[in-house]
Amino acid sequence: MIRLNHLPTLRIKPGAPRSFRYGRRRLQGVDGDTVATALFANGVRVFGRSLKYHRPRGLYSLDGESSNTLVNVDGVPNVCAETTLLAEGMRVSSQNAFPGPDFDLLGFMDALSWAMPAGFYYRVLHKPARLWPLAVPFIRKMAGVGTLSADFQAPGRRDEIYPAADVCVIGAGVAGMSAALAAAEAGLRVVLFESRPWPGGAFEYRPGTARDGVAYYRKTAELAAAVQASPHIRLFLNAPVIGVYSDGLVTAFQRGRPPHPFDERYIEVRAASVVAATGCSERPLLFDHNERPGVMQAGCAHRLARTWGILPGRTAVFSVGHDLGLEAAVDLFDLGVEIAAVAELRQDGLDRALVDALAQRRIPLLRGWSVTKAHGRHRVTRVTLAGPNGRFRKTIDCDLLVASAGFTPVTGPLTLAGARLAFDAHTGFFLPASLPPRVHAAGRLTGRQDWHAVAVSGRLAGLSAVHDSGIDRTAAIGESIDELASLPGPARGTQFVLAPGSGKKAFICFDEDATVKNVDQAMDKGFDVPELIKRFASVGTGPGQGGIPGHNLPLYVHQSGASPDGHPRPTTVRVPLTPTFLATYAGTRLDMSKRTPLHALQVADGGRMERLGVWHRARRFSEDERSREEILAVRTAVGMLDASTLGKFRIFGPDAVKVLDRVYVGDMTRVPRTRAKYSAMCNEDGCLADDGVIVCTGDNDYYFTTSTGRAGMTVEWIRYHTRFDDWDFGIVNLTDAYGVINLAGPEARTVLQRVTDADVSNEAFPYMGYREFAVDEIPVRAMRLGFVGELSFELHVPASWMVHVWNRLMAAGGDLGIRPFGLEAQNTLRLEKCHVIIGSESEQRTTLHDVGLGFLWHRDKPWAKTVGDTALRQTEHQPGRLKLVGFRMADPTAPLPGDGSVIVDRRIRGYVCTARYSFTLKEPVGLALVDDALSAEGSSLAIHEDGCGGRLARAVVTETPFYDPEGLRLRM
Amino acid sequence: MAFTITCPICGPRSGYEFRYGGEDKGPRPDPAQMTPEAWCDYVHMTDSRPGVQKEWWYHRAGCGTWFTIYRDTTTNLEVAPDSPETVA
């Protein structure tokens, strides 16, 4: 198709072709086309088929108000062709039509529409119940649009940004841009969202002239240039708003195009003030076959010509109810469209100049007339018009019917922000009756249609936003109010919705194929509130998010006399205002994780790294999943574990010890300077929250460790439980400042002695001792602990010196067979010793008593108000709890039960926490939480595993620990 | 969480930066006088009244302070401490 390429309002580059595929056809559009305009320019009129009746659907609007033009683009279903810019090489195909939209095998569904009244699914298919399973597959096949496979991965690059702003303006039309400029003048940071690919809104394409004689499009372009030149305004184009929330939170997404480094990005702004300048959409006129391809809104027809250089038809009939429709008729006539007739709903109040212009062009103007029916199977070929009383009728041949009843304000963002709407009879609009603080409305959505009035209302909103932020604008606001009063006020609008006719095929909602008749049926059933009718008759619940029926439904219901209080009431608007890909919400999917100072060394040593919480840790250092060599090295020689992920904290100050006494179950008043104290934290239920070691490093100065998973919330926990006490203490998270090396095994002391001058003999540095010494002048905090059940030293080293100390120890132990060991080896080693890991041997309801750590609890410190103390007292002898026990298999050659397998008799009696093959004991051993009735030594446990087929494994509760029960090896 | 919270140290900030710490129930009562049931109620039960309540928040992504604000649970907005609704 030849484009009009001389218009100053064009947004396309006619000289820059873009080729794409549509089904099997190779087509060409131009740069600046949307998928919809490119298809239209190539003669495509039927874009797809409707949801229920498979009626042909075409281009009706241009901003995604309906699902008419949903297509599949590059494998992604349900892409709105109207709002997607064409790109070179795109593969577009139609949906919901087989073999194609022009001839669809399911087209006969339309003839069966009588069989599907409103509430069809609810009312018909649920009885008898046995029919439902048969009906489901059929409905599934018939309903819904587009197909998506379960393993579909959204293509493209996603991003997310959270810009800071003082003012967020929604809509970069004349009002929005004026508001943004007024706020920017005061130096405020403004974020301006525009859903179209360019700013300008309702004026940027119009050649008509404002009161000062300058064309609208020129004035609008000047405003846009000022916005784009302002350093204070960040304009997001192609960025529809998703939602507006309280306290100025606005979410949106932006569609990217080169050179943007993303295909779509999520935007979230928290602004001090919000200005809604979302303008109007056109109010659809309801008549029979009002959605036939060839029927379109006035703005759609006009913009096709002015913005994309495409003539929307050869011969057109207009049936409109506003001056913009008359303006479009005049302009399209001048551009070469034959206008057979203009039916105008209004009898009076028409713009004189436009009426004269129509007369000069000899275009018949029929006042008080309206279209009642569109004819033609797949596209409009003829229309029937009817006069004011519905008696006089005319039928006119045409290929384009421009139909539009009036305007509907786009109030979604405003209502989400908390505005209350009330119906205004003069404009026929739902207007904001009250606005929440720091929310302002401006522009055409307030009913004003005059360029200057729209601009000034925008400026007023912008000034009000500035005023909100504490900059006095009283004078300027007063001036703007005066100026606005001198300009044309809100224009009178029609309340006309339904043309005379049966309404059988007058579609109030295109997405869900709901007709006016369906709404009547719902009202016959007794529904009287639009909110309920909307659901029963499925009106406005489709992808267009109510763009077509939005305000038509409440108006129609009101006019029918059904509404209980006599006031039209809009239906509730919800997010997302524009359908948004889930992938866009997911954003960049950044995986935040931490590496220990030894990460590279661990990998170089063959460590199999694994993600545990936020950390990467080495599970093992060989192919052997049971880590035999590592375990034997620790039991017979010496090994080293990177334990840097432990939580590490300093707590100091005059009240530090009170804090420790509050959160730890033990008595912290006597932690000697040379000893490490093992203790646990409980929650108020007495359940185990954490365990760790506390050392005293100076006067009122303590250093303590927490388990890896608790490091992130320890400060919060401690501050929470001391919030009512005005205690003087400081707490510092040193988790990342220190690394930890666990040097363990009978040769550990030999290795350590080789790298330090300090005396680390058993006499000088006994079990559970704490020492500070230097390794090559590096200060090391050393604790003699025994988590793995051997002589071991836990060395806390400044993170930046970790590699050095590790390498020194490695070199020092080379002749002794030193080697790194991983988490798997550690797990088996500590299991043999029956040392618990919180989260493995405990869960939400496991108390300190349950895991056998009750001896840590110091019951005589009521002054401390220890967290969990009360519950520990109350549950100490509570029967029926799950207790931690050790078990061996009745048959030592039986396969190892999996962690988490349940222990059963007639019912579930507990579960296996951890079970491993012990190379030291040469048989499997495990820890389990079992009903206290089964916890006595010698009790038999029956273990059920998934897939065991009822063959239960037998285990026996045995004495713990399994390894070195006297603890001699820790003290050697 | 689409609301702002006024931290006593950092000022009004996005609600996403905070962790909720529950209704304010005052300092821990003396457990010696309490039955296990009464203690359990203190630990777990909340009033959950519609309207303005005093509650604890922690500035997790900020200064790390626990503090109380008043919030209207029906509008999900913070209420100034000196406004008349805060008098329970």
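Structural data are supplied above this passage.
These lines cover the structure that appears in this document, whether it is placed above or below. (Residues numbered from 1 in each chain as written. Chains lettered and ligands numbered in written order. Predicted model: local features only at pLDDT ≥ 70, side-chain atom pairs only at ≥ 80, totals over all residues. Heavy atoms only, no water.)

Quick notes on the sheet that holds strand β34 (residues 647–652) of chain A
Residues and elements named next belong to chain A. Convention followed: When DSSP finds two or more bridges between two strands, those strands count as paired. Only DSSP runs of H or I with at least four residues qualify as helices, and only runs of E with at least two residues qualify as strands; both kinds are numbered from the N terminus onward. Only the stretch in contact is used when a helix axis is fitted, and all axes are lines through C-alpha atoms; the angle between N-to-C directions ranges over 0 to 180 degrees.
Strand order in the open sheet formed by five strands is β35-β36-β37-β34-β38, and the pairing between neighbours is antiparallel. Each end of this open sheet is capped by a strand with a single partner; those strands are β35 (676–682) and β38 (730–733). This sheet shows a mean twist of 25 degrees between the axes of neighbouring strands, independent of strand direction. Sheet topology note: the strand β36 (residues 688–698)/strand β37 (residues 701–706) ladder contains four bridges and is antiparallel. Bridge pairing in β37 links Gly-698 to Asp-701.

Section: helix α21 (residues 802–812) of chain A
For the record, the criterion: Under the scheme applied here, a residue whose accessible area is under 20% of the maximum for its type counts as buried, over 50% as exposed, and between as partly exposed, the area being computed with a 1.4 Å probe on protein chains only. The arc in question is traced by the directions running from the helix axis to the C-beta atoms.
Considered for burial, the residues of α21 of chain A that qualify are Met-802, Val-805, Trp-806, Leu-809, Met-810 and Ala-812 of chain A. Considered in projection along α21 of chain A, the buried side chains sweep an arc of 165 degrees and stay on one side of the axis.

Quick word on the packing of aromatic side chains
Residue and element names in this part refer to chain A. To be explicit about the condition: Only rings of Phe, Tyr and Trp enter the pairing, Trp through its six-membered ring, and a pair is recorded when the two centres are within 6.5 Å. The plane angle decides the type: under 30 degrees is stacked, over 60 is edge-to-face, the rest tilted. Distance and angle both matter: a charge sits over a ring if NZ of Lys or CZ of Arg is within 6 Å of the ring centre and within 35 degrees of the ring normal.
Enumeration over the complete set of coordinates arrives at 21 aromatic pairs over all chains. An angle of 65 degrees between the planes, with centres 5.4 Å apart, marks the rings of Phe-423 and Phe-430 as edge-to-face. Taking relative accessible area as the criterion, Phe-430 reaches 0% and is therefore assigned buried. Members of the aromatic cluster, connected to one another through ring pairs, are Tyr-162, Tyr-266 and Tyr-585. In this structure, Lys-505 is placed above the aromatic ring of Tyr-53, and the distance from its NZ or CZ to the ring centre is 5.8 Å. Over the aromatic face of Tyr-703 sits the side chain of Arg-781, whose NZ or CZ is 4.5 Å from the ring centroid.

Brief notes about the environment of Ser-563 of chain A
Relative to the assigned elements, Ser-563 of chain A resides in the loop between α14 (552–559) and α15 (582–586). Counting along the chain gives 23 residues from Ser-563 of chain A to Gly-540 of chain A, while the straight-line C-alpha distance between them is 18 Å.

Digging into the nonpolar core
All names here are of chain A. Stated precisely, the cut-off is as follows: Put simply, a nonpolar core is a bunch of buried Ala, Val, Leu, Ile, Met, Phe, Trp, Tyr and Cys residues held in one set by side-chain atoms that sit within 4.5 Å of each other. Contact criterion: two residues are considered in contact whenever any of their non-hydrogen atoms come within 4.5 Å of each other.
Counting 55 residues, the largest nonpolar core has Phe-20, Leu-39, Val-92, Phe-318 and Val-342 as its most contacted members. If sequence neighbours within four positions are ignored, Val-342 has contacts with Phe-318, Val-320, Leu-326, Ala-329, Leu-358, Ile-363, Pro-364, Leu-365 and Leu-366. Core analysis: the next-biggest nonpolar cluster, separate from the first, contains 31 residues, Leu-181, Ala-202, Ala-442 and Ala-455 among them.

Let's talk about the sheet that holds strand β39 (residues 738–744) of chain A
Strand pairs in the sheet, formed through backbone hydrogen bonds, run parallel or antiparallel to each other. Residue and element names in this part refer to chain A. Strands sit in the order β40-β41-β42-β39-β33-β43 across an open sheet of six strands; the sheet is mixed. Looking at which strands have only one partner, the edges of the open sheet turn out to be β40 (770–775) and β43 (819–820). Where strand β33 (residues 639–642) meets β43, two bridges bridge the pair, whose relative direction is parallel. Bridge assignment links Met-640 to a residue of β43, and that residue is Pro-820. Running over the sheet, α21 touches β33, β39, β41 (778–785), β42 (792–798) and β43 and is turned about 15 degrees from β39.

Description of helix α10 (residues 451–468) of chain A
All names here are of chain A. Where we set the bar: Any helix carries an expected span of 1.5 Å times its number of residues minus one.
When the terminal C-alpha atoms of α10 are compared, their 26 Å separation across 18 residues agrees well with the 26 Å that a helix rising 1.5 Å per residue should span. With 15 of its 18 residues buried, α10 lies for the most part within the structure. Just downstream of α10, Gly-470 is the residue with a positive phi angle, here 100 degrees.

Quick word on the pattern of salt bridges
Residue and element names in this part refer to chain A. How we decide: Whenever Lys or Arg places a side-chain nitrogen within 4 Å of a carboxyl oxygen from Asp or Glu, that contact is recorded as a salt bridge.
All told, the structure shown has 58 salt bridges over all chains when counted by the stated rule. Between Arg-189 and Asp-166 there is a salt bridge, and its shortest N-O distance comes to 3.4 Å. Remark: Asp-166 occurs in the loop between β8 (158–161) and β9 (167–170) and Arg-189 occurs in the loop between α4 (174–185) and β10 (190–193); sequence separation between them is 23 residues. One salt bridge connects Arg-916 with Asp-899, and the closest N-O pair in it is separated by 3.2 Å. Of this pair, Arg-916 sits in strand β46 (residues 908–918) while Asp-899 sits in the loop between β44 (882–889) and β45 (902–904), placing them 17 residues apart in sequence. The class for Asp-899 is partly exposed, based on a relative accessible area of 41%.

Observations regarding the environment of Tyr-720 of chain A
Following the sequence through the fold, Tyr-720 of chain A ends up in helix α19 (residues 714–720). Beyond its immediate chain neighbours, meaning those up to four positions away, Tyr-720 of chain A contacts Gly-21 and Trp-66 of chain B.

Focus: the interface of chain A and chain B
Quick note on the threshold: Buried area adds together the accessible area that both of two parts lose upon being put together, with accessible area traced by a 1.4 Å probe. Residues were grouped as follows: Ala, Val, Leu, Ile, Met, Phe, Trp, Tyr, Cys and Pro as nonpolar; Asp, Glu, Lys and Arg as charged; and all remaining residues, including Gly, as polar.
If you look at the interface, chain A gives 20 residues, while chain B gives 27 residues. With both chains or domains summed, chain A and chain B bury close to 2,000 Å², and 52% of this area falls on carbon and sulfur atoms. It is Arg-270, Glu-716 and Phe-724 of chain A in chain A that bury the most area against chain B; as a group they hold 28% of the surface buried on that side. The partner of Glu-684 of chain A in a salt bridge is Arg-28 of chain B, with the nearest N and O atoms 3.8 Å apart. It is α19 of chain A that contributes the most residues to the side of chain A that touches chain B, four residues altogether. For the side of chain A that touches chain B, a count of residues per class yields seven nonpolar, four polar and nine charged.

Regarding the packing of α10 of chain A against helix α11 (residues 474–486) of chain A
Residues and elements named next belong to chain A. The line we're drawing: Any angle between 65 and 115 degrees counts as roughly perpendicular, while under 35 counts as roughly parallel, over 145 as roughly antiparallel, and the rest as oblique. Crossing handedness: left-handed means the near helix sits turned counterclockwise from the far one by under a right angle, and right-handed means the same turn made clockwise.
Two elements in contact, α10 and α11, have axes whose closest approach is 9 Å; the angle formed by their N-to-C orientations is 160 degrees. When the interaxial angle is binned, α10 and α11 end up roughly antiparallel. Relative to α11, the crossing made by α10 is left-handed. Seen from α10, the contacting residues are Ala-453, Val-456, Ser-457, Arg-459, Leu-460, Leu-463, Ser-464 and His-467; seen from α11, they are Thr-474, Ala-476, Ile-477, Ser-480, Ile-481, Glu-483 and Leu-484. Split by residue class, the contact of α10 with α11 holds eight nonpolar, five polar and two charged.

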